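Architecture at a glance
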Amino acid sequence: MLYRGYPQCEPVEIVEGCRLPVLRKNQEHEDEWPLAEILSVKEVSLRKLYYVHYIDFNKRLDEWVTGDRLDMKKLQFPKKEAKTPTKNGLPGSRPSSPEREVRKSLDLNVQPATAPSRGKTLPTPKRKVEAVPLATQVSPATPVPSLPSSAEATQASVFPAVRETNTFKSREDHEQLASLTTNGTARRLVPSQPGRKRKANCGGPDESHVDIVNHQDSQDSSDGIPTAPRMTGSLVSDRSHDDIVTRMKNIECIELGRHRLKPWYFSPYPQELTTLPILYLCEFCLKYLKSLKCLQRHLTKCNLRHPPGNEIYRKGTISFFEIDGRKNKTYSQNLCLLAKCFLDHKTLYYDTDPFLFYVMTEYDSKGFHIVGYFSKEKESTEDYNVACILTLPPYQRRGYGKLLIEFSYELSKVEGKTGTPEKPLSDLGLLSYRSYWSQTILEILMDLKPDNGERPQITINEISEITSVKKEDVISTLQYLNLINYYKGQYILTLSEDIVDGHERAMQKRHLRIDPKCLHFTPKDWSKRGKW
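The name that an unreviewed UniProt entry assigns to the protein chain is Histone acetyltransferase KAT5, with the source organism given as Sparus aurata. The UniProt entry for the protein chain carries this comment under Subcellular location (unreviewed entry): "Nucleus".

Describing two packed helices takes the angle between their axes plus the distance from one axis to the other. Packing of helix H5 (residues 400-415) against helix H6 (residues 427-447) leaves a shortest axis separation of 10 Å and a crossing angle of 60 degrees. The angle between H5 and H6 places the two elements in the oblique class. Taken as a pair, H5 and H6 cross one another with a handedness that is right-handed. On H6, the residues that touch Lys-402, Ile-405, Glu-406, Ser-408 and Tyr-409 of H5 are Ser-432, Tyr-433, Ser-435, Tyr-436, Trp-437 and Gln-439. Grouping the constituent residues of the contact of H5 with H6 by class yields five nonpolar, four polar and two charged.

Below, the discussion takes up the UniProt feature "active site" (unreviewed entry) in the protein chain. Taking the numbering used here, the UniProt-annotated feature "active site" (unreviewed entry) corresponds to Glu-422. Assignment of secondary structure puts Glu-422 in the loop between strand S18 (420-421) and H6. Judged by relative accessible area, Glu-422 falls into the buried class, the value being 0%.

Another aspect to go through is the packing of aromatic side chains. By the definition in use, this model includes 19 aromatic pairs. Ring centres of Tyr-395 and Tyr-400 lie 5.9 Å apart, and the angle between their planes is 85 degrees; this geometry places the pair in the edge-to-face category. Residue Tyr-395 is classed as buried on the basis of its relative accessible area, which comes to 3%. An aromatic cluster is defined as three or more aromatic residues linked by ring pairs; in this entry it consists of Tyr-313, Phe-320, Tyr-358, Phe-374 and Phe-407. The ring centre of Trp-64 lies 4.2 Å from the NZ or CZ of Lys-42, which sits over that ring. The ring of Tyr-480 is capped by Arg-434, whose NZ or CZ atom sits 4.5 Å from the centre of that ring.

Criteria and thresholds
- Residues numbered from 1 in each chain as written.
- Predicted model: local features only at pLDDT ≥ 70, side-chain atom pairs only at ≥ 80, totals over all residues.
- Heavy atoms only, no water.
- UniProt positions renumbered as here; feature names shortened; annotations may be inferred.
- Axes fitted to C-alpha atoms, helices over the stretch in contact; angles between N-to-C directions.
- Helix = DSSP H or I, 4+ residues; strand = E, 2+ residues; numbered from the N terminus.
- Parallel < 35°, antiparallel > 145°, perpendicular 65-115°, else oblique.
- Left-handed = near helix turned anticlockwise from the far one by under 90°.
- Contact = heavy atoms within 4.5 Å.
- Nonpolar A, V, L, I, M, F, W, Y, C, P; charged D, E, K, R; others polar.
- Buried < 20%, exposed > 50% of the residue type's maximum accessible area, 1.4 Å probe, protein only.
- Phe/Tyr/Trp six-rings, centres within 6.5 Å; stacked < 30°, edge-to-face > 60°.
- Lys NZ or Arg CZ within 6 Å of the ring centre and 35° of its normal.

Spelled out as structure tokens, the structure:
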């Protein structure tokens, strides 16, 4: 029970759902009072603690706070839900009439009317794109007109994605040009197709991709809207089963080898382990134990010094192990439980059979220590080469995330496919993928050499084939970097000095790279294996 601070005032009790400013430190260690929602209240040692979620902040910042950090003067009580009439005396939504249903459907589906057409739209024949001579200066790019013919968009469709703020400032007096064609023809702007809904009704292991949620990016928003179930496995959470329990972190601390990790999100470890101050994990088999003594006793029996499965890559101290979710089910489930502590946008599957797990390790005299991993479906109908991707917090911001992404595309190259991460991505996963795509594509464009004195040319398909990056991701990256322009009847790529300098600085910091010669991987045709 708390009081407002002025005399003759009734006591005010803070309940779940209340909103009020809460004191916290920002990145500059300055005090700020963001609005937060109270998710839970508990009493410890005669003192009340409040679990708060900061509105418009990532859930990993949620925390337990004491009452002295709450601004009671701006307390907002939860709004009472409006009572609706009941049907047949039973609680529920108000009965709807056919007219109301039709009106609702129209409101959802009908868009504002556009200007009337002036005449019939006739198909436009394909138009060859001529190369423009190399020039040091160009006039400002003209707006890109809408190009007709849906048949022309079969190979390299360009999305009309919303352009985001470009981090590079273009200089028109120092621009290099590379002609962009899509197999020699101009292509129509085609929006991306919404992805299909993934099954999320089990409580099994997950994890990026890999971060990549229905927010932040035009390329992800369409894929992040589930519409229909599919039979293959997927780890995307549809948020339909969220409740107050899963919105709160339930593990205080995890000890994994020489590291202690503070989880970011909820993970469905057994209930009896959630009250422990520290949860102990064997860093080789990932078995969870309730005490240090249990861990020490387990280590005398555990013979593993590396993840189970086949080592398919080794260079220096970095190794990758391929793990079959069917053959090593216990390890895969333990891995997903650990990953769920740091991934919010995926659901957990205990049925790991449809997945392969690729675990990256760092070797020393004591064994192979897990750094991160990614998972992928054995059979993906949507060309996904990553289902989930995670670098453990102690190894973040050291280049391991890009190394995981690069390895996933090296596997796609061996398989002879183009791939893309399963959407939606987390915020950190999206940043990592954008950075990798940008560096990979710019690396190819800067290596292009003039042919017979003419400006170098490359198609979207060629970039996709060289990198194994899906065409949609190539196009969205070029648009994100603001490289695509429409000039004298054709699409061109403009590389300013700022972009070139920024890319060179970034590549100087990128020391970890995958060496294809060290990869020993033979892809399997999972479609011919009935139950894998």
